[in-house]
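Fold and contact review
Here's the letter readout for the chains.
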Amino acid sequence: MEFYPAIEKSNLQDIKKFQEHKLQELLAYLEKKSPFYQKLFQENGINISDIQTLEDLRKIPTTTKDDLQQHNHDFFCIPPDKIVDYSTTSGTLGDPVTFGLSDSDLERLAYNEAISFACAGIQKGDVVQMITTIDKRFMAGLAYFLGLRKMGASVVRMGPGIPELQWDSIFRYKPKYLITVPSFLLKMIDYAEKHGVDYKNSSVYGAVCIGESIKNQDFTDNILSQKIKEKWNIKLFSTYASTEMSTAFTECEFQIGGHHHPELIITEILDDNENAVAEGENGELTITTLGVEAIPLLRFKTGDIVKAHNEPCGCGRNTMRLGPVVGRKQQMIKYKGTTLYPPAMTDILNDFNTILCYQIVIQSNEIGLDEIIIKLSTDQDQETFVNEVRDHFRAKLRVSPKIEIIDFDILSKTVFNPNSRKPITFIDLR
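Attention here is on the structure that accompanies the text.

The rules behind each value
- Residues numbered from 1 in each chain as written.
- Predicted model: local features only at pLDDT ≥ 70, side-chain atom pairs only at ≥ 80, totals over all residues.
- Heavy atoms only, no water.
- Pairing = 2+ DSSP bridges.
- Helix = DSSP H or I, 4+ residues; strand = E, 2+ residues; numbered from the N terminus.
- Contact = heavy atoms within 4.5 Å.
- Axes fitted to C-alpha atoms, helices over the stretch in contact; angles between N-to-C directions.
- Parallel < 35°, antiparallel > 145°, perpendicular 65-115°, else oblique.
- Nonpolar A, V, L, I, M, F, W, Y, C, P; charged D, E, K, R; others polar.
- Phe/Tyr/Trp six-rings, centres within 6.5 Å; stacked < 30°, edge-to-face > 60°.
- Buried < 20%, exposed > 50% of the residue type's maximum accessible area, 1.4 Å probe, protein only.
- Core = buried A, V, L, I, M, F, W, Y, C linked by side-chain atoms within 4.5 Å.
- Arc of directions from axis to C-beta.
- Patch = residues over 30% accessible without salt bridge, like charges linked within 9 Å, V, L, I, M, F, W, Y side chains within 5 Å.
- Areas by Shrake-Rupley, 256 points an atom, 1.4 Å probe, with all protein chains shown as cover.
- Salt bridge = Lys/Arg side-chain N within 4 Å of Asp/Glu carboxyl O.

Let's talk about the sheet that holds strand S14 (residues 321-322)
- In space, the 9 strands of this open sheet follow the order S4-S3-S5-S6-S7-S8-S9-S14-S13, with mixed pairing throughout. Sheet topology places strand S4 (154-157) and strand S13 (308-309) at the edges, where each strand pairs with a single neighbour.
- Where helix H5 (residues 139-151) meets the sheet, it contacts strand S3 (127-130), S4 and strand S5 (177-180), and its direction lies at approximately 170 degrees from that of S3.
- Those strands touched by helix H7 (residues 182-194) are S5, strand S6 (206-209) and strand S7 (235-242), and its axis lies near 115 degrees from that of S5.

Quick notes on the packing of helix H1 (residues 12-33) against helix H2 (residues 35-43)
- Following both chains from N to C, one finds H1 and H2 inclined at 100 degrees, their axes separated by 6 Å at the closest point. On the basis of the axis angle, H1 is roughly perpendicular to H2. For the pair formed by H1 and H2, the contact residues are Leu27, Leu30, Glu31, Lys32 and Lys33 on the first element and Pro35, Tyr37, Gln38 and Phe41 on the second.
- Tallied by class, residues from the contact of H1 with H2 come to 5 nonpolar, 1 polar and 3 charged.

Some points on the packing of aromatic side chains
- For the structure on display, the rule yields 12 aromatic pairs.
- Measuring from centroid to centroid gives 6.4 Å for Tyr37 and Phe41, while their planes differ by 40 degrees, and the two rings are tilted. Highlighted residues: Tyr37 and Phe41, both in helix H2, separated by 4 residues, approximately one helical turn.
- You can call Tyr37 buried: its relative accessible area is 0%.

Brief notes about the nonpolar core
- Ranked by internal contacts, the top residues of the largest apolar core, which has 40 residues, are Leu23, Phe41, Ile60 and Leu298.
- Elements that contribute at least two residues to this core include exactly H1, H2, strand S2 (97-101), strand S10 (265-270), strand S11 (283-289) and strand S12 (300-306).
- Ignoring anything within four residues of it in the chain, the contact list for Phe41 reads Leu27, Leu30, Glu31, Ile46, Ile48, Ile60 and Leu298.
- Ile348, Leu349, Tyr358 and Ile403 belong to the second largest nonpolar core, which has 22 residues in total.

Regarding H2
- Within H2 the residues assigned to the buried category are Phe36, Tyr37, Leu40 and Phe41. The arc enclosing the buried residues of H2, seen along the axis, measures out at 125 degrees, which places them on a common side. In this structure, H2 carries Gln42 and Glu43 as exposed residues pointing more than 90 degrees from its buried face.
- In this structure, the buried residues of H2 make contact with H1 and helix H3 (65-70).

Focus on a nonpolar patch on the surface
- A surface patch of nonpolar side chains, about 240 Å² in accessible area, is lined by Leu356, Phe408 and Phe416.
- Here Leu356 lies in strand S18 (residues 355-364).
- Accessibility expressed as a relative area gives 40% for Leu356, which makes it partly exposed.

Some details on the environment of Met151
- Mapped onto the fold, Met151 is located in helix H5.
- The spatial distance from the C-alpha of Met151 to the C-alpha of Ile115 is 8.3 Å, given a sequence separation of 36 residues.

Honestly, it's all geometry; don't read function into it.
As structure tokens, then:
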């Protein structure tokens, strides 16, 4: 299998022509197989023969996560006996959204992860330790395993948590790469330092980081990434994906954004009026999946605010690259005239080595305005420390949230919930 697809190094005109051909195939498939899109085309008077170019996509209404939740069954294009795996993703209205995958979809998922890991430098024969769950209907863990298997890497399926076992596995099987939530690397380092583990001389060369950002918008290392690298000199690679996309955007060795795979997905970045943003501006990532059999999506609004980068990359790929996610559109906070997203507050809290754990809580006050509460645990003098944190927020974001000191044993049970795939550092109660 080709893990460095030629289309990604083609010129932009050929990439666009290739995607427009794939779009024609998708539209014909949806018109024939998808109850949801059959109805959408009919209600909006859409003749798919009128959609010839990527620019013509704007003639079709967007799809949202609410649509997926309210009409979940109508998105299925294949019968139940063709589904070989069920995955779920969180829904905006409470209940999870179900995604079925056919055998062909699992092959596509494996291909996606194989070319994404190859992008980050993983090769056939490398040992990779997965510090992420593969159960609980979690698509990503399954995708990682399938992709590594397809490219001929060896997989150590450790699952999340328990630093002692992670280090035992590292020294036993000598993985070159880890797949993990990056903040967990700090826990592994802390355990190693407290228990005399010679982690700096381990086999680990790099980590593919999921679930949390490790870069600033200019691709410099953010505070979390800096903290890891100050202690442990390993390579950190960003990857961004979602269940709905069944596609990943992963950094190459030049680490200036996650590469787009044009054979798997069409991307648009839209403003609040659903128009394409100008070059270099932030907007909502909106995707159209290619090659998905069970639940293909057309102009699906992901809710993620991102920026596209189109300058040539030293790796030779000519594809668009996505920068770090600015934030979730639904998590945007208006606080005393300032627009904020949780990642900006996370970066500030990660500045403090003396914060043991934290949680950002957003709620509406009695007059309907957004209110920010930062719950944190520390072993420092509380009053002095609260003032330091508050001053840092004022300096960086020009806002001063409410700060509550919580006992670590209490707060950690909420943040590191065993039923969650990653730390729960943000709660929106609005």
